[in-house]
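Examination of the molecular architecture
As a plain string of letters, each chain reads:
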Amino acid sequence: MAATLFKMRAGKAPLPLFPCIGHKGACAGRLVPPQRTVRAWGIWLWGKKCNNLLLLLSGGSVCPDLELLLSSLQLSLASPSPGFPKLSITALAVIGAGIGGTSAAYYLRQKFGKDVKIDVFEKGKVGGRLATLNVQGQEFESGGSVIHPLNLHMKRFVKDLGLSAVQSPSGLVGVYNGETLVYEESSWFIINMIKLIWHYGFQSLRMHMWVEDILDKFMRIYRYQSHDYAFSSVEKLLHSLGGDDYLGLFNRSLLETLQKAGFSEKFLDEIITPVMRVNYGQTTNINGFVGAVSMAGTDPGLWAVKGGNKLVCSRLLQASRSNLVSGLVMSIEEKTRTKQTGNPSKVYEVVYQTGSETHSDFYDIVLVATPLNRKMSNINFLNFDPPIEEFHQHYEPLVTTLIKGELNSTVFSSRALNEFHLGTVLTTDNPDLFINSIGLVSPVEEDNNPQPKADTAHVWKIFSAAALTKEQILKLFVSYDYAVKQSWLAYPHYTPPEKCPSIILHDQLYYLNGIEFAASAMEMSAIAGYNAALLAYHRWNGNTHMIDQEDLYERLKTEL
Ligand SMILES: Cc1cc2nc3c(=O)[nH]c(=O)nc-3n(C[C@H](O)[C@H](O)[C@H](O)COP(=O)(O)OP(=O)(O)OC[C@H]3O[C@@H](n4cnc5c(N)ncnc54)[C@H](O)[C@@H]3O)c2cc1C
Ligand SMILES: CC(C)=CCC/C(C)=C/CC/C(C)=C/CSC[C@H](N)C(=O)O
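Residues numbered from 1 in each chain as written. Chains lettered and ligands numbered in written order. Predicted model: local features only at pLDDT ≥ 70, side-chain atom pairs only at ≥ 80, totals over all residues. Heavy atoms only, no water.

- As annotated in an unreviewed UniProt entry, the protein carries the name Prenylcysteine oxidase 1 and is attributed to Bos indicus x Bos taurus.
- Check the Sequence similarities (unreviewed entry) section of the UniProt entry for the protein; it says "Belongs to the prenylcysteine oxidase family."
- In its Subcellular location (unreviewed entry) section, UniProt records this for the protein: "Lysosome". (UniProt positions renumbered as here; feature names shortened; annotations may be inferred.)

This is the structure we're talking about:
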């Protein structure tokens, strides 16, 4: 009978009316296939969707009459009747070929299948903030460089895309406060333990446990995603990982969270702040979640992709069989178009510039995978009603400078370079300091652990808020052969409590980079890319039961 109803609809015959008692008779509707269904059938009511029905589709039981109706029709919500003509999706656009955009393209292909066209727009280089700089014939990471051993998407990409991993340098670390080294690691584990306990009691151990707990809960996202669940907001995603407490991390500053947990000012100033400065160019005023991610960035076992992390992006693009469009997207506008079926449907017109030429194309779904602010992407959303919200969130300026030279170790300590064994110097929050950090780095092709030697010039990476002057470089180095720099708008300026930008900007228009307001890292963008692909797929197909499900952790625990 169900098949008959739908076939009648396909032949444009009128559909039978039925009452929805759950809506007190107010929403008598007609059984129709949703406008863009590929796999799942749903019921749409005249004018608008019935919320009771959505609950029913997602496993709720508010609308028993509909449930009865469906079961009496023996209607399978998961699979449409074979042979029934499907309204198909034709084209998808992704804007930005960084790790967010390329991972989204990869997962979009997996979900939507081989026939759909996927265009990926990139105004600069594939990789975005994953990039390298050349120092006298060797390439060094200048943007995203270290990956955590538990970053499972990045790990999977490297394995599946035929790449290999190299261990990141793990030299000894010191902390400089503008006058002296307030903390200095030793190469002896036991000495380090004694030093840490002597200076800070058991606070490092407690900090380690705090980060582990957050990371443990974070790992739940992989299980949700492997079961195809998606989230419509970053807040809902965070909440699903550990409830109100977890979301609370995002809403409060790291300082507030750690002070409440009893960490001392000395420990925060000398250990935690320097880590926030090297990783995010900010202080403990950032939110607690990004603070924990930043601390995870000091864990052992950090790694990088041999040949450069940006290779993941170019390989993902290849594997997704997307078309790379080297151009600058200028605007996105909603338009109505008549498809081959004769039915009008909503599409998005993407206008872009390649060289001096302007072009445009139409897409059913668009994913924006670049921070939406004037300085970084400058995309105009035209004629949306209601208008797409404006994004004014500030990104932190940061300069990466690579210098091949002989370090002036006496800047940091009284020891000469042959007695100076630190591979990285972090800094406290002292306004007189002009660098956030300085550290020895290896070329992207090498798997090694560089150590400073008095007689050889090594390559050092410096992070600073502004470009270094020649005088500043000459303060840090006795002499140098080569210097090269790259300026970034690197990460959001974190000011908790704040609201993450929406993931759903419009019906079929999605935004990935809101996740950076929880924490900016390669793995976070990969998670956002997968989530947006799943969300787009489920919304296109009306699979509402796969979106924003509560208690997923408990529910999935019992599943094999
Ligand atoms: C200096 C630095 C160090 C970092 N270190 C680490 C680290 O060690 N570990 C870690 O995990 N993360 C690190 N990060 C963070 C990480 O690099 C980013 O979170 C991640 O790369 C962001 O990826 P994305 O794809 O979301 O954005 P992006 O890489 O910014 O990609 C967006 C892309 O969109 C393109 N684009 C923008 N506007 C348009 C337009 N209008 N039309 C067409 N194309 C457009 C841009 O050119 C860009 O390529 C670091 C970042 C920086 C800057
Ligand atoms: C997302 C999770 C759970 C973990 C990621 C941990 C991680 C790798 C954090 C680092 C984040 C970051 C923005 C580092 C920037 S600087 C990196 C490095 N110290 C360098 O010198 O380049």
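**Quick look at the site of ligand 2**
- If you check the shell around ligand 2, you find 15 residues, and the closest are Ser145, Val146, Asn151, Asn279 and Lys461.
- Interatomic distance of 2.6 Å between a side-chain N/O atom of Ser145 and an oxygen atom of ligand 2.
- Contacts to ligand 2 include Asn279, whose side-chain N or O atom sits 3.4 Å from a nitrogen atom.
- For ligand 2, the protein covers 87% of the area, taking 600 Å² as the surface of the free molecule. (Near = heavy atom within 4 Å. Polar contact = N/O pair within 3.5 Å; in protein donor to acceptor, adjacent residues only side chain to side chain. Areas by Shrake-Rupley, 256 points an atom, 1.4 Å probe, with all protein chains shown as cover.)

**Re the packing of helix 5 (residues 152-160) against helix 15 (residues 522-541)**
- At a minimum axis separation of 8 Å, helix 5 and helix 15 run at an interaxial angle of 80°. By the criterion of interaxial angle, the relationship of helix 5 to helix 15 is roughly perpendicular. Contact residues: helix 5 offers Leu152, His153, Met154 and Phe157, while helix 15 offers Met522, Glu523, Ala526, Ile527 and Tyr530.
- Grouping the constituent residues of the contact of helix 5 with helix 15 by class yields seven nonpolar, one polar and one charged. (Axes fitted to C-alpha atoms, helices over the stretch in contact; angles between N-to-C directions. Helix = DSSP H or I, 4+ residues; strand = E, 2+ residues; numbered from the N terminus. Parallel < 35°, antiparallel > 145°, perpendicular 65-115°, else oblique. Contact = heavy atoms within 4.5 Å. Nonpolar A, V, L, I, M, F, W, Y, C, P; charged D, E, K, R; others polar.)

**A short note on the side chain of Ser233**
- For Ser233, the position within the fold is in the loop between helix 8 (220-226) and helix 9 (234-251).
- Residue Ser233 is classed as buried on the basis of its relative accessible area of 17%.
- Side-chain polar atoms of Ser233 contact the backbone nitrogen of Lys236, separated by 3.0 Å.
- In contact with Ser233, other than residues within four places in its own chain, are Ile503 and Asp548. (Buried < 20%, exposed > 50% of the residue type's maximum accessible area, 1.4 Å probe, protein only.)

**A word on the sheet that holds strand 18 (residues 422-427)**
- The seven strands lie next to each other as 9-8-18-19-20-17-21, forming an open sheet whose pairing is mixed. Edge positions in the sheet fall to strand 9 (181-184) and strand 21 (477-492), since each has one partner strand and no second. Averaged over all pairs of adjacent strands, the angle between their axes in this sheet comes to 20°, without regard to strand direction.
- Pairing between strand 19 (residues 437-440) and strand 20 (residues 458-464): four bridges, direction antiparallel. (Pairing = 2+ DSSP bridges.)

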